[in-house]
Amino acid sequence: MEAASPAGPDTPEPLAEGAAGEFSSLLRRIKGKLFTWHILKTIALGQMLSLCICGTAITSQYLAERYKVNTPMLQSFINYCLLFLIYTAMLAFRSGSDNLLVILKRKWWKYILLGLADVEANYVIVRAYQYTTLTSVQLLDCFGIPVLMALSWFILYARYRVIHFIAVAVCLLGVGTMVGADILAGREDNSGNDVLIGDILVLLGASLYAISNVCEEYIVKKLSRQEFLGMVGLFGTIISGIQLLIVEYKDIASIPWDWKIALLFVAFALCMFCLYSFMPLVIKVTSATSVNLGILTADLYSLFFGLFLFGYKFSGLYILSFTVIMVGFILYCSTPTRTAEPAESSVPPVTSIGIDNLGLKLEENLQETHSAAL
């Protein structure tokens, strides 16, 4: 009979191997949670929207600084005209309940309010720069995110988890880092003549953007992308056209037109048109809140291009800010929100399965099925 070997010295090795195995398993789970194909695709789509916003900012700044052209309503009017010519025309040639006239008979007043919110959101944010500082605009513009989350809670019945609030806080921390970098670089010295009016305009514009985005998510997910863009194009053209004649006719008459100015107007319109056309596609597979978190990097792209175009000073805090915002965005997209449908509701049946991050949920279900099979 063999003697039993002493267990003392050999005991820690299996424990260490087990701990290392659990740690590596945890890392694999985190990697599989945060770096799925859906999240990577969402990041790419969100940054594409940020680049479109960056394009509108750069062209507007070129027009304002190099050619002294400040016509935000004219620039928006051209974009709404493009939406009208393409998407409203598509609705006009449809048949049945998706026809333009049928939609107008049933919901014309709702789309007037939506068009008004969208037009004025674009206008008041641009006007706010005349009264307040760049720092105030960047900080207060984030007010739209909690407003958007609150509206999604009550209107879309979105239900958030703790990770979502942490992710939003991380993104806002990244914005604060960006603003700090602006202050250190001396980009906050363009204070206007009435800061309070400017701050109120920023808060109003952020709230109107939140209203427009919630309506967009509702229409895109329960109706269609073409209906949203067609109706916004129709009423946005009418409202911005009327406002254009009232507030900007003198500015337009004084524009020294040449091919460079015309090219900047065309570039702005194309960037804005791409933004409006692609944003519903991204919202459909994610949510309005996640899209707004993703496009927080638009100001950073504008800063990076401004280093070469406008002589901005570089700061390492810009890189840190971009990294922090992207970490918060990934955290938000890593866990799908759920939808709590009301017990008794008069709204039409939901065509989706009741979650925002649809692609992420499908990937999780596929992974669970594969694990169960193994």
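Summarised in this report is the structure supplied together with it. (Residues numbered from 1 in each chain as written. Predicted model: local features only at pLDDT ≥ 70, side-chain atom pairs only at ≥ 80, totals over all residues. Heavy atoms only, no water.)

### Concerning the overall build of the chain
This is how it is decided: Runs of E in the DSSP output that reach at least two residues are strands. Runs of H or I that reach at least four are helices, and both are numbered from the N terminus. Burial classification: accessible surface area is computed with a 1.4 Å probe over protein chains only, and a residue below 20% of its type maximum counts as buried, one above 50% as exposed, and the rest as partly exposed. Where accessible areas are quoted, they stem from the Shrake-Rupley method and a 1.4 Å probe; at the residue level, only the protein chains shown are allowed to cover.
Helix and strand content of the chain: 15 helices and 2 strands. Looking at the chain residue by residue over its 374 residues, the buried ones come to 47%. In the structure as shown, the chain presents an accessible area of about 19100 Å², 69% of it carried by carbon and sulfur atoms.

### A short note on the packing of aromatic side chains
Going by this rule: Here a pair means two rings of Phe, Tyr or Trp (six-membered ring of Trp) with centres within 6.5 Å. Their orientation is stacked below 30 degrees between planes, edge-to-face above 60, and tilted elsewhere. Look at NZ for Lys and CZ for Arg. If either is within 6 Å of the ring centre and within 35 degrees of the ring normal, a charge sits over the ring.
Counted according to the given criterion, the structure contains 6 aromatic pairs. Centroid distance Tyr 80 to Tyr 276: 6.1 Å. Interplanar angle 80°. Geometry classified as edge-to-face. Highlighted residues: Tyr 80 in helix H3 (residues 72-92) and Tyr 276 in helix H11 (residues 259-285), separated in sequence by 196 residues. Residue Tyr 276 is classed as buried on the basis of its relative accessible area of 9%. If you follow Arg 159 out to its NZ or CZ, it ends over the ring of Trp 153, 4.1 Å from the centre.

### A few points about the environment of Ile 103
To keep it simple, the criterion reads: What makes two residues a contact is simply this: any of their non-hydrogen atoms within 4.5 Å.
Relative to the helices and strands, Ile 103 resides in helix H4 (residues 100-128). Among the residues examined, Ile 103 registers a relative accessible area of 0% and is labelled buried. Ile 103 sits 12 residues away from Leu 91 along the chain, and the two C-alpha atoms are 9.0 Å apart. Those residues in contact with Ile 103 that sit more than four places away from it in its chain are Leu 91, Ser 97, Asp 98, Trp 108, Tyr 111, Glu 227 and Met 231.

### Considering the nonpolar core
Put simply, the rule reads: Throughout, nonpolar core names a set of buried Ala, Val, Leu, Ile, Met, Phe, Trp, Tyr and Cys residues whose side chains join them through atoms within 4.5 Å.
Of all hydrophobic cores here, the largest spans 51 residues; its most connected members are Leu 83 and Met 231. Contributions of two or more residues to this core are made by helix H2 (37-66), H3, H4, helix H6 (144-155), helix H8 (195-222), helix H9 (225-247), H11 and helix H12 (288-294). Per element, the largest residue contribution to this core is 11 residues, and it comes from H11. Excluding residues that lie within four positions of it along the chain, Leu 83 makes contacts with Thr 88, Leu 229, Val 232, Gly 233, Phe 273 and Tyr 276.

### Concerning the side chain of Thr 59
We apply this condition: For the purposes of these results, a polar contact is taken to be a pair of N or O atoms within 3.5 Å, where, inside protein, one atom must be able to donate a hydrogen and its partner to accept one; residues adjacent in sequence count only when each atom of the pair is a side-chain atom.
Mapped onto the fold, Thr 59 is located in helix H2. Take Thr 59: its relative accessible area is 9%, and that puts it in the buried class. A distance of 3.0 Å separates the side chain of Thr 59 from the backbone oxygen of Thr 56, its partner in a polar contact.

### Quick word on the state of the cysteines
Put simply, the rule reads: Cysteine sulfurs are considered disulfide-paired once they come within 2.5 Å of each other.
According to the stated counting rule, one finds 0 disulfides in the structure shown. For the unlinked cysteine Cys 271, the closest cysteine sulfur is that of Cys 52, found at 6.0 Å. With no disulfide partner, Cys 333 has as its closest neighbouring cysteine sulfur the one in Cys 171, 8.9 Å distant. On the basis of relative accessibility, which here comes to 2%, the residue Cys 333 falls in the buried class.

### So, the pattern of salt bridges
To keep it simple, the criterion reads: Definition used for salt bridges: Asp or Glu carboxyl oxygen within 4 Å of a side-chain nitrogen of Lys or Arg.
Counting across every chain of the model gives 3 salt bridges. Glu 227 is the salt-bridge partner of Lys 107, the closest N and O atoms lying 2.8 Å from each other. Of this pair, Lys 107 sits in helix H4 while Glu 227 sits in helix H9, and the two are 120 residues apart along the sequence.

### Brief notes about H9
Convention followed: Between the first and last residue of a helix there are one fewer steps than residues, each counted as 1.5 Å, and that sum is the expected span.
The terminal C-alpha atoms of H9 lie 31 Å apart, and with 23 residues this matches the ideal 33 Å at 1.5 Å per residue to within 8%. Between the side-chain oxygen of the N-cap and the backbone nitrogen of Glu 227 there are 3.1 Å, and the N-cap of H9 in question is Ser 224.

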